[in-house]
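# Observations on the model geometry
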Amino acid sequence: MSRPAKIYVDLDALKANYKLAQTLAPNSSTIAVVKADAYGHGSVEISKALQSSVEMFAVSCLEEALTLRQAGIEKPILLLEGCFSADEIPIASEHNCQIVIHNQEQIEALENAAIHRPMPVWLKIDTGMHRLGFAPEALQRVYSQLQRCQQVSNIVLMSHFSHADDLASTSAQRQINMFEQCLDTIHTKDIPISLANSAAILARPNSHGDWNRAGIMLYGLSPFLEPQKYADKLQAVMSFESSIIAVRWINAGESVGYGDTWTAKRRSLIATIAVGYGDGYPRTAKSGTPVLVNHQRVCLVGRVSMDLISVDVTDLKEAKVGDHVELWGKNLSANEVAKWAGTIGYELVTRMPKRAQRLIKS
Ligand SMILES: *Cc1c(COP(=O)(O)O)cnc(C)c1O
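A few words now on empty space enclosed by the protein. Evaluated as defined, the whole model comprises 1 cavity of 30 Å³ or more. Taken as a whole, the largest cavity encloses approximately 50 Å³ of empty space. Surrounding the largest cavity, His41, Tyr219, Leu221, Ala236, Val237, Met238, Trp328, Gly329, Leu332, Ser333, Ala334 and Val349 form its lining. Partitioning the lining of the largest cavity into residue classes produces 9 nonpolar, 3 polar and no charged. Here the lining of the largest cavity spans two domains, since at least three of its residues come from each of domain 1 (11-223) and domain 2 (238-361).

The structure is reproduced here in structure tokens:
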């Protein structure tokens, strides 16, 4: 007995996707990015499933790292935005975290930090994203400041792509070139480097570094809008499912849902499904968004409400109360639904509320 809207998390698919990332970049070590509760999949379960294969995890803040530590995850954890205040540094150090350094304030806080042993830092260079990181012109100064800093054990040089998802764009290559110039600036080829996110792991082998940072691909979603050879092998980890709880015939000219945004053009069989924006189905999904009923595609009709959606099942041979519904998952990509809702798969899976029960399949 429970509300039929459920989220299934397939850990075998997760492991296969991780393996693909590692196979595509055999000379790199693939960091598993599990920020934002592992993109909505549950960071503890995801990290436990991967901990025997990965060398390092990455999250976006200390709180996320501590959640993993409390669950017994022991591998090093990279804080992708570093510490937000000086008091976080000793805690990060104590818990075997590595920190990104992206601004001068963070360097000064680190120089003044009372920590028991020096810690690894990831020096972030802004090669074009213009969000976080030091300008290439500042690199030499910042690098030598960190080299002199007692609190630093070793330095990884990193940057982040702004357009890696756009296969036709030349901007990622420009960022790679700029990153290489940065390496020249500090006169060393020995420093470990990290550039690639999922899109670059899949499609830009020349961006692979000592460390690659795999996020979305682990969860089986392609970062690309178009088909891509390797991305198309990814297996969806999250399946969002529910079932039909009512069916009714309506006449041509009658409407469905709040605000009458969809009106039947013919006599139509309408199925109502127990899922809505309260469960994480996007309210912005338009009439026409695909939904799978008994593995067959039908269209969303009318507005998404908090607890319910309706679909047009007139053309199905059969549709009845209790029938299985897939909102997204193995047979319908969250990316496709996202397009109908004016967003991307990343957002849909990450912003799932707690309401729908999450069940692990392994
Ligand atoms: C989130 C994040 C990643 C992972 O990106 P994906 O596109 O999900 O692979 C990598 N690097 C940084 C700095 C990030 O913030």
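From this point, the discussion proceeds with the structure in view.
This brings us to the pattern of salt bridges. Following the criterion strictly, the structure yields 11 salt bridges and no others. Note that Asp312 is salt-bridged to Arg266, the shortest N-O span being 3.4 Å. With Asp312 in strand E16 (residues 309-312) and Arg266 in the loop between strand E12 (262-263) and strand E13 (268-273), this pair connects stretches of sequence that are 46 residues apart. When the shortest N-O distance is used, the salt bridge between Asp323 and Lys320 registers 3.0 Å.

Sizing a probe to match a water molecule and rolling it over the atoms shows the empty space that remains. What the largest pocket holds in volume is close to 1,200 Å³. Lining the largest pocket are 49 residues; nearest its centre among them are Ile216, Ser222, Pro223, Ile344 and Tyr346. The residue makeup of the lining of the largest pocket, split by class, is 23 nonpolar, 15 polar and 11 charged. Residue contributions to the lining of the largest pocket reach at least three from each of two domains, namely domain 1 (11-223) and domain 2 (238-361).

Attention shifts here to helix H4 (residues 62-70). Listed as buried for H4 are Leu62, Glu64, Ala65, Leu68 and Arg69. Seen from one end, H4 has its buried residues packed into an arc of 160°, which puts them on one side. The outward face of H4, more than 90 degrees from its buried face, is lined by the exposed residues Glu63 and Gln70. On its buried face, H4 sits against helix H2 (35-40), helix H3 (43-50), strand E3 (57-59), strand E4 (77-79), helix H5 (88-94) and strand E5 (97-101). Looking at the residues trailing H4, positive phi occurs at Gly72, about 95°.

The rules behind the values
Residues numbered from 1 in each chain as written. Predicted model: local features only at pLDDT ≥ 70, side-chain atom pairs only at ≥ 80, totals over all residues. Heavy atoms only, no water. 1 Å grid on protein atoms, 1.4 Å probe; cavity = no way out; pocket = protein on both sides within 12 Å on 5 of 7 lines; lining within 4 Å. Points joined across faces, edges and corners; volume = space filled by probe spheres on them. Nonpolar A, V, L, I, M, F, W, Y, C, P; charged D, E, K, R; others polar. Domains from an automatic or database assignment. Salt bridge = Lys/Arg side-chain N within 4 Å of Asp/Glu carboxyl O. Helix = DSSP H or I, 4+ residues; strand = E, 2+ residues; numbered from the N terminus. Buried < 20%, exposed > 50% of the residue type's maximum accessible area, 1.4 Å probe, protein only. Arc of directions from axis to C-beta. Contact = heavy atoms within 4.5 Å.

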